[in-house]
Amino acid sequence: MKIQQALPPNYNRILNSGMRPDPQNTIFTYGDTIYNPSGREIPDYLIKHEETHFLQQGSNPNAWWNRYITDPYFRIEQETEAYAKQYDFMCQIVKDRNARYKILYQLALSLSGIRYGAVITQMSALKLIKNKSKI
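Conventions used here
- The numbers attached to residues start from 1 for each chain and follow its sequence in the written order.
- The predicted origin of the model limits local features to residues at a pLDDT of at least 70 and limits the giving and counting of side-chain atom pairs to 80 or more, whereas totals for whole chains, interfaces and linings rest on all residues.
- Side-chain descriptors were evaluated using all non-hydrogen atoms of the structure, hydrogens and water having been removed beforehand.
- We define a salt bridge as a side-chain nitrogen of Lys or Arg found within 4 Å of a carboxyl oxygen belonging to Asp or Glu.
- We count a stretch as a helix when DSSP gives it H or I for four or more residues in a row; a strand needs E for two or more, and each element gets its number in order from the N terminus.
- Burial classes follow relative accessibility: with a 1.4 Å probe on protein chains only, a residue under 20% of its type's maximum area counts as buried, one over 50% as exposed, and anything between as partly exposed.
- Put simply, a nonpolar core is a bunch of buried Ala, Val, Leu, Ile, Met, Phe, Trp, Tyr and Cys residues held in one set by side-chain atoms that sit within 4.5 Å of each other.
- Pairs of residues are marked as contacts when any of their non-hydrogen atoms sit within 4.5 Å.
- DSSP-based pairing: two strands are paired if at least 2 bridges between them are found.
- All axes are obtained by fitting lines to C-alpha atoms, using only the stretch in contact for helices, and the reported angles, taken between N-to-C directions, cover 0 to 180 degrees.
- Only protein atoms enter the calculation, which uses a 1 Å grid: trapped sets of points that fit a 1.4 Å probe without letting it out are cavities, open sets showing protein on both sides within 12 Å along at least five of seven lines are pockets, and any residue with an atom within 4 Å of a point is a lining residue.
- Grid points are joined across faces, edges and corners, and a volume is the space filled by probe spheres set on the points.
- Three classes are used, and their members are as follows: Ala, Val, Leu, Ile, Met, Phe, Trp, Tyr, Cys and Pro are nonpolar, Asp, Glu, Lys and Arg are charged, and the others, Gly among them, are polar.
- By the criterion applied in these results, polar contacts are pairs of N or O atoms within 3.5 Å in which, for protein atoms, one can donate a hydrogen and the other can accept it, and in which residues neighboring in sequence qualify only through two side-chain atoms.

Caption draft 1: Structural context of the pattern of salt bridges. Per the counting criterion, the structure on display carries three salt bridges. In this structure, D32 and K2 form a salt bridge, with 3.5 Å as the shortest nitrogen-oxygen distance. Note that D32 is positioned in the loop between β2 (28-30) and β3 (33-35) and K2 in strand β1 (residues 2-4), a separation of 30 residues in sequence. Judged by its relative accessible area of 49%, K2 falls in the partly exposed class. Residue E51 is joined to K48 by a salt bridge in which the shortest nitrogen-to-oxygen separation is 3.8 Å.

Structure follows, in structure tokens:
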């Protein structure tokens, strides 16, 4: 995947959808490119998350994004899969059970937040990620 320090081509559409991603703390995948507006280093676990979106988008990232933006249930489904892959990757490194739960808790906090439209509770997000995880 390529990494570009820029906003994704559909950023205004994302904002108009009601989602509120902070461009200084959010990266976006559109096709085979990760858009990293802040230019900060991207940790491997986030690369794993974004690789999941690349695979989900297949050969038509525009269609995927159109559905992602307009269908909050699809958005949560797609993000749940990506967060589960991210969690699995992180658990390969972190073996402590309590530390793993803190990671899962933080991922659920993100999934349930305004970045994705605040359409589910944190506890629901936690259960979804855990159920999709292989850990």
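Caption draft 2: Local environment of unusual backbone geometry. A positive phi is found at A118, a non-glycine position, where the angle reads about 50 degrees. Within the secondary structure layout, A118 lies in the loop between α5 (97-111) and α6 (122-132). Overall, A118 belongs to the partly exposed group, its relative accessible area being 48%.

Caption draft 3: View of the nonpolar core. One finds W65, Y68, Y87, L111 and I129 to be the most contacted residues of the largest nonpolar core, which totals 26 residues. If you list the elements that add at least two residues to this core, you get α1 (11-16), β2, α3 (61-70), α4 (72-93), α5 and α6. Among the elements that line this core, the one with the most residues is α4, at seven residues. Apart from the residues lying within four places of it in its own chain, the contact partners of W65 are N10, I14, F28, T29, Y30 and Q57.

Caption draft 4: The arrangement of the sheet that holds β1 in detail. The sheet built from three strands is open, its strands ordered β1-β3-β2 with mixed pairing. The sheet is open, and its two edges are formed by β1 and β2, each paired on a single side. Taking each pair of neighbouring strands and ignoring which way they run, the sheet shows an average axis angle of 30 degrees. Its contacts with the sheet put helix α2 (residues 44-57) on β1, β2 and β3, and the angle it makes with β2 is roughly 30 degrees.

Caption draft 5: Spatial organisation of the layout of surface pockets. Looking at the largest pocket, its volume works out to about 580 Å³. Looking at the largest pocket, it is lined by 34 residues, and the ones nearest its centre are N25, T26, I27, L46 and R115. Breaking the lining of the largest pocket down by element, the ones donating at least two residues are β2, α2, α3, α4 and α5. For the lining of the largest pocket, the element with the most residues is α2, which contributes six residues. Residue composition of the lining of the largest pocket, by class: 17 nonpolar, twelve polar and five charged.

Caption draft 6: Representation of the environment of K95 in the model. For K95, the location among the structural elements is in the loop between α4 and α5. Under the relative-accessibility criterion, K95 is labelled exposed at 60%. From its side chain, K95 meets the backbone oxygen of Q92 in a polar contact 3.1 Å long.

By themselves, these figures tell us nothing about what the structure is for.
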